[in-house]
Every structure is written in structure tokens, then in C-alpha cells.
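Working through the structure, step by step
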Amino acid sequence: MTIDELLQPFQRFGVHLGLERIERLLADLENPHHRVPIVHVTGTNGKGSVCAYLSSVLTEAGYKVGRYISPHLIDWTERISINGENIETAELENILQEIGAKIDPSRESPTQFEVITAAAWWYFARENVDIAVMEVGLGGRLDATNVCPNPLVSVITSISREHWQNLGPTLADIAREKAGILKRDCPAAIGPLPEPARTTIEERSNLLGCPTVRVQPAERIGDNLARYAGIEYPLALAGDFQLINSAIAIATLSILREKGWRITDDAIYRGMEKTRWLGRLQRVNWGDREILIDGAHNPAAAFGLRQYVDRFGKSIAWVMGMLSTKDHDEIFQALLRDGDSLYLVPVPDHSSADPEKLADLARSIGPSLDTVETFPDLRAGLEKAIEREPGRSIVLCGSLYLVGHFLGNFLEGE
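Residues numbered from 1 in each chain as written. Predicted model: local features only at pLDDT ≥ 70, side-chain atom pairs only at ≥ 80, totals over all residues. Heavy atoms only, no water.

Basically, it comes down to this: UniProt positions are given in the numbering used here, feature names are shortened, and annotations may be inferred rather than shown by experiment.
The name given to the protein in an unreviewed UniProt entry is tetrahydrofolate synthase, and the organism recorded there is Pannus brasiliensis CCIBt3594. The Catalytic activity (unreviewed entry) comment attached to the protein in UniProt states, word for word, "(6S)-5,6,7,8-tetrahydrofolyl-(gamma-L-Glu)(n) + L-glutamate + ATP = (6S)-5,6,7,8-tetrahydrofolyl-(gamma-L-Glu)(n+1) + ADP + phosphate + H(+)". Per UniProt, the protein has the following entry under Sequence similarities (unreviewed entry): "Belongs to the folylpolyglutamate synthase family."

**Considerations on the packing of helix H11 (residues 299-309) against helix H12 (residues 328-335)**
Put simply, the test is: Orientation is described by axes fitted as lines to C-alpha atoms, over the contacting stretch for helices, and by angles from 0 to 180 degrees between their N-to-C directions. Helix and strand definitions here come from DSSP, where helices need a minimum of 4 consecutive H or I residues and strands a minimum of 2 consecutive E residues; each element is numbered from the N-terminal end. Reported orientations rely on four angle classes, namely roughly parallel under 35 degrees, roughly antiparallel over 145, roughly perpendicular from 65 to 115, and oblique for the rest. Left-handed describes a crossing in which the near helix is turned anticlockwise from the far one by less than a right angle; the clockwise case is right-handed. Contacts are assigned to residue pairs that have any heavy atoms within 4.5 Å of one another. Side-chain classes are defined by residue name, with Ala, Val, Leu, Ile, Met, Phe, Trp, Tyr, Cys and Pro counting as nonpolar, Asp, Glu, Lys and Arg as charged, and the others, Gly among them, as polar.
At their nearest, the axes of H11 and H12 sit 8 Å apart, and the two run at 15° to each other. Taken as axis vectors, H11 and H12 run roughly parallel relative to one another. Both H11 and H12 take part in a crossing whose hand is right-handed. Across from Pro299, Ala302, Phe303, Leu305 and Arg306 in H11, the residues of H12 making contact are Glu330, Ile331, Ala334 and Leu335. Taken together, the residues of the contact of H11 with H12 break down into seven nonpolar, no polar and two charged.

**Focus: the pattern of salt bridges**
Pairs may arise between side chains of opposite charge once their charged atoms sit close together. To be explicit about the condition: The term salt bridge refers to a pairing of a side-chain nitrogen on Lys or Arg with a carboxyl oxygen on Asp or Glu at a separation within 4 Å. The classification of residues rests on relative accessible area computed with a 1.4 Å probe and restricted to protein chains. Under 20% of the type maximum is buried, over 50% is exposed, and intermediate values are partly exposed.
Applying the stated criterion across every chain, the model contains 28 salt bridges. The salt bridge partner of Lys384 is Glu387, with a shortest N-O separation of 3.5 Å. Of this pair, Lys384 and Glu387 both sit in helix H14 (residues 378-388), three residues apart, roughly one helical turn. With relative accessibility at 23%, the residue Lys384 sits in the partly exposed group. Classification of Glu387 as exposed rests on a relative accessible area of 56%. Several salt bridges share partner residues, and in doing so they unite Glu60, Asp266, Arg270 and Lys274 into one network.

**Some remarks on the nonpolar core**
To keep things clear, this is the line we draw: Nonpolar cores are built from buried Ala, Val, Leu, Ile, Met, Phe, Trp, Tyr and Cys residues. Side-chain atoms within 4.5 Å join them into one set.
Formed by 40 residues in total, the largest nonpolar core has its most connected members in Leu58, Tyr233, Leu253 and Leu256. Within the residue set of this core, elements represented by two or more residues are strand E1 (38-42), helix H3 (47-60), strand E5 (131-135), strand E6 (153-156), strand E10 (225-228), strand E11 (231-234), helix H9 (242-258) and helix H10 (265-274). Per-element accounting of this core gives the leading share, nine residues, to H9. Residues in contact with Leu58, not counting those within four places in the same chain, are Tyr63, Val65, Ile131, Val133, Leu253, Leu256 and Ile263. Counting 37 residues, the second-largest nonpolar core is a separate cluster that includes Trp76, Ala118, Ala119 and Trp122.

**Thoughts on the sheet that holds E6**
Spelled out, the test is: Pairing between strands is defined by DSSP: at least two bridges between the two strands are required.
Taking strand neighbours across the sheet as the criterion, the eight strands line up as E4-E3-E2-E5-E1-E6-E7-E8 in an open arrangement whose pairing is mixed. Looking at the sheet topology across the chains shown, the edges are occupied by strand E4 (85-86) and strand E8 (212-214). Pairing geometry for strand E2 (residues 65-68) and strand E3 (residues 80-82), over three bridges, is antiparallel. The partner of Arg67 across the bridge, within E3, is Ser81. Packing of helix H5 (residues 112-126) onto the sheet brings it into contact with E1, E2, E3 and E5, and relative to E3 it is tilted by some 15°.

Have a look at this one:
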């Protein structure tokens, strides 16, 4: 059976936060998570970049490093890697079969995310990784990754209003859920946060006695160099927000150093230089045009993308699709400017927002757009943008799933 076939029976349970099912499943697997030292990372934006930095540097420092991320862009194996190498497809299939055999059908079934998370724990424990960098899937407190009582470092990168349907309507509500990864007496690295999220996180960290580093953005000292806490390093990932993400990674590595982990300045430099993060401000060539691709799936990420493209000094041709659950108006307000063009497409195989409704919304919220059109699929939208926009930069964004569809179906084999 394929990975999709093995995971499909659990997909119907959707988002169902809670720790009882994952803890029971891990107990049936003899608690592999108890054998894996971890850095635990949550945040609305930036957590994937921070995980990429950390795993790259720790690999350069000579450690065997597991990394667990979500979602994947092209293939399930992206979620589970050791030293930058994704788990083999056959290996993951075997693990999922073994896990499936241990699930008691008479009890409440784990969710798809819980099953793949259990697979990561089992793989990392079996492979005897020195450390695992674990990215939270949703929130923190009730996320399936939140089963370790003593992480080496807990990291909160940022907090803005996303997934409020599951985490609560206010920033304070969302912050309380993300603060759930903080553990008593375990150190934390916290990025810049808005009020009242900052107050909520501080109250929780003080209550638990967490030694906390409150991270500020790094200093840019060249086109591709930055400095934080006296450490200079390359910025391999694009965007001004990487000054924050990279600083959070450096602060986390400094905490690990204080705990006795051997991480030299040279390993930091080489690891930061080698960091790659698929589908985030990534330039690709398709046909005879360069396209910038980025998820930009929430208002904060959209604002960061707009900051980045502003340096082009010209209007943008946006090719966009969004999920139905996203804050469409805020994302449009962050991205769109007078003179831009907008080509709207559905996000395949997911709960996509209706492109026609998005078009009506885009026309109503403000800027004088040169073009607003809808298309039945991504290929049609991209081809029309390339045909009509010889003088504009083309940016594909709005959903990580849409970016993944592009990378997996448009670029592979070319």
C-alpha cells in the first residue's frame, strides 16, 4: 500500500486537537518520544524557517538530527528527515503499516496528523538521533507533538491571528494555546510578539519558571550577512523577516551551547549558509519566465511577501489561490496595490475558496487593479499571466498547498 492509502483511513477525522489519542498510540509503541531529545518550535509564521536553520546548523556541528515539519509540499516523506535526507518512501510505508497494526479498532481512532507524528517519533527513536527539531502542527497545547515534558528548548517564533477557528478568536487566546509548549524550568526562545500575546506568553513563562530569551531581529551587515549576539552568519533565505527567524535560531543554538552542546561559530556559519526552505520566496523558471513562489497563506506572511516584492519597483502579476478558511480580505489588503494584476485559481484537492468570490472581494476592497480574472486551474492562470504580463514580475502565492501543487506537477521532470 502507498503512503496515501495507509493514511487515508484517518483523514476523515480532520482537525481534532487533544493529547489522549497520541499518548495512547505512543504508549502502544513503547513511548519512542521519551528517547528523543527535542527542540520544540511553534509560531504563526517563521517556524519552518527556524526549524530549517536549526537542523542545518546542528547537522554541520556533527550531530544526527531529526526534523519533523508540516505540511509537506510535494510528498509525505518531506515531513520526516534526518540530516536533511527525507525518510525513504518504503521505510515510511513499513512504519505506517506497523503503526496501523497496533491501533485498537475498538477505541477512538487517532487522526491522520497523529499517525504521521507517531511515525516520526518512532523513526527518530529507532535511528537513535542525537536531537530532533519538532515543528508544531497547529497551536501547541493540544498538538500531537506536545508530548515531551522536558524539551531542550521551547521556541515561539511569532503570533498573529490565524487558525482562530481552532485556537480562539483573539491574540491572547492564540497565545495561550501556543504557550502550551512551554514546560516547567525548560528554557525558551521567544520572538517579537504583539500585545496582548506578549503579556500572555510572559505570564505563562514566569509561572513555569522558564529561563527566557526574548529575541530581537538580527542586524543586517551586508546584502547576505547578518549579526546576532556577536555571531556573524550568511542569510541564505530571502526576506527581511529572516532577520527575526535567523536570530531566533541563533538564540536557540546559544541555549543549546549553554547546555553543553558542541556548536562552533564555524558550524553556525556553514549551517546557516546551507539552509534551504522549499516554496518560501523561491525563484523558479517555468517556460521562459522566472516566477517567484511563496505560500503567503495568512496576513502576516502576505505582508512580508509584499515588503519583499516592493524592492522590485514595479507592479506585480499575482497568480493566487486560497483555502476557504483563510482571512481573504486581510491577505488581499496586505498584497495588492494600484496597477497590479490578479489571476485567481482554485487550490486543487483542498477546501478552496471560490475564485469568483475572491475576484468580487478583490475588486471591492480598494486598489485599482489592472486585471482581475479567474481560471479553472493553475496552469490556465499561469499561462495567461505569462502571455499578458511581459513587463511585470509574476508571483504565485496564497496557499502552501497551491505552491506544492506547482512544484510537484509543473516542475518535476522538467
